[in-house]
Amino acid sequence: MKIAVSYLKNKNGNEKTIEKLGHTSCDYIHIDLTDGLFAGEKNYQIDTILQLFKNVQKPLDIHLMVKNPKKEIEAFAILNPAFITVHLEIEDLENNIKKIKGLGISCGIAVDKDTSIEKIYPYLKEIDLVLIMSVKAGFGGQSFQPKSLEKVKALMKERKEKNLSFKIAMDGGINDKTIKDIPKDIDLVVSGSFVCLEEDYEQQIEKLKKAGN
Ligand code: DX5
Ligand code: ZN
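Residues numbered from 1 in each chain as written. Chains lettered and ligands numbered in written order. Predicted model: local features only at pLDDT ≥ 70, side-chain atom pairs only at ≥ 80, totals over all residues. Heavy atoms only, no water.

**Digging into the side chain of Asn96**
Then step 1. Tracing the chain through its elements places Asn96 in helix H4 (residues 93–102).
Then step 2. For Asn96, a relative accessible area of 4% translates into the label buried.
Then step 3. Once you skip the residues sitting within four places of it in the chain, Asn96 turns out to touch Pro69, Lys70, Ile73 and Ile90. (Helix = DSSP H or I, 4+ residues; strand = E, 2+ residues; numbered from the N terminus. Buried < 20%, exposed > 50% of the residue type's maximum accessible area, 1.4 Å probe, protein only. Contact = heavy atoms within 4.5 Å.)

**Some remarks on the pattern of salt bridges**
Close approach of charged atoms allows side chains of opposite charge to pair.
Then step 1. One pass over the structure, following the stated rule, counts 12 salt bridges.
Then step 2. In this structure, Lys147 and Glu150 form a salt bridge, with 3.6 Å as the shortest nitrogen-oxygen distance.
Then step 3. In this structure, Asp187 engages Arg159 in a salt bridge whose closest nitrogen and oxygen atoms are separated by 3.0 Å. Linking Asp187 in the loop between strand E7 (167–171) and strand E8 (188–191) with Arg159 in helix H5 (residues 148–161), this pair joins segments that are 28 residues apart in sequence.
Then step 4. Judged by relative accessible area, Arg159 falls into the buried class, the value being 16%.
Then step 5. By sharing partners, the salt bridges in this structure join Lys11, Lys20 and Glu199 into a single network. (Salt bridge = Lys/Arg side-chain N within 4 Å of Asp/Glu carboxyl O.)

**Observations regarding the sheet that holds strand E5 (residues 106–111)**
Then step 1. Reading around the circumference, E1-E2-E3-E4-E5-E6-E7-E8 is the order of the eight strands in this closed barrel, with parallel pairing throughout. Averaged over all neighbouring strand pairs, the angle between strand axes comes to 25°, with direction disregarded.
Then step 2. Sheet analysis places strand E2 (residues 28–34) next to strand E3 (residues 60–65), joined by six bridges and oriented parallel. Bridging from a neighbouring strand, Thr34 pairs with Met65 of E3. (Pairing = 2+ DSSP bridges. Axes fitted to C-alpha atoms, helices over the stretch in contact; angles between N-to-C directions.)

Just geometry here; none of it tells us what the structure is for.
Dropping the structure here:
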């Protein structure tokens with residue numbers, strides 16, 4: 001189980017938080033971007049994100065909670081992210097998947113808390129990652145919804161039956177308690193406030209690893 005850390009909610013400011021995460025053992029930095037249309041409030045400018053990450057060495061996991069993410073996909077490709085994830089619920093999904101894949105980047109699709117898992121089945125062959133939301137997309141610091149574990153199990157079953165190879169990730173409300181209920185063979189978990197609202201990030205990441213494995 002790999003660990004991505006979201007800096008969405010932090011107490012040291014974005015720049016310092018990202019710098020500190022670079023010195024931890026997390027596997028990815030998870031970049032949560034909300035546009036105020038699809039989810040949350042607009043929390044970014046493209047140029048600011050490019051500036052923030054231009055010298056960051058950790059692999060990047062970009063989560064676009066954005067209604068029309070074409071511009072963002074094109075701009076962030078320069079950061080050479082490990083994944084760009086868009087939402088299943090957006091309108092032009094098929095073209096956005098093609099765009100991400102066409103840029104040579106692994107493509108994720110996020111399934112929001114109230115979306116049924118079967119809706120993603122038609123896309124599973126062409127994508128690299130499914131991000132199951134265990135909170136409603138938009139804000140950090142919400143509580144984990146155990147019902148989303150059923151989606152993870154259904155997806156694992158589908159992957160096995162169809163002999164597919166996409167990765168499965170979970171995002172939202174993950175801490176050293178909630179992680180215990182997540183299947184051990186999930187590929188990736190995203191944790192935000194549990195790590196970045198404390199002083200010692202590495203200690204928090206170690207707690208996650210211990211409880212999740
Ligand atoms: C929710 C975001 C999550 C979230 C994770 O909209 O996609 O990545 O910030 O943070 P916590 O762990 O605080 O829920
Ligand atoms: Zn996220």
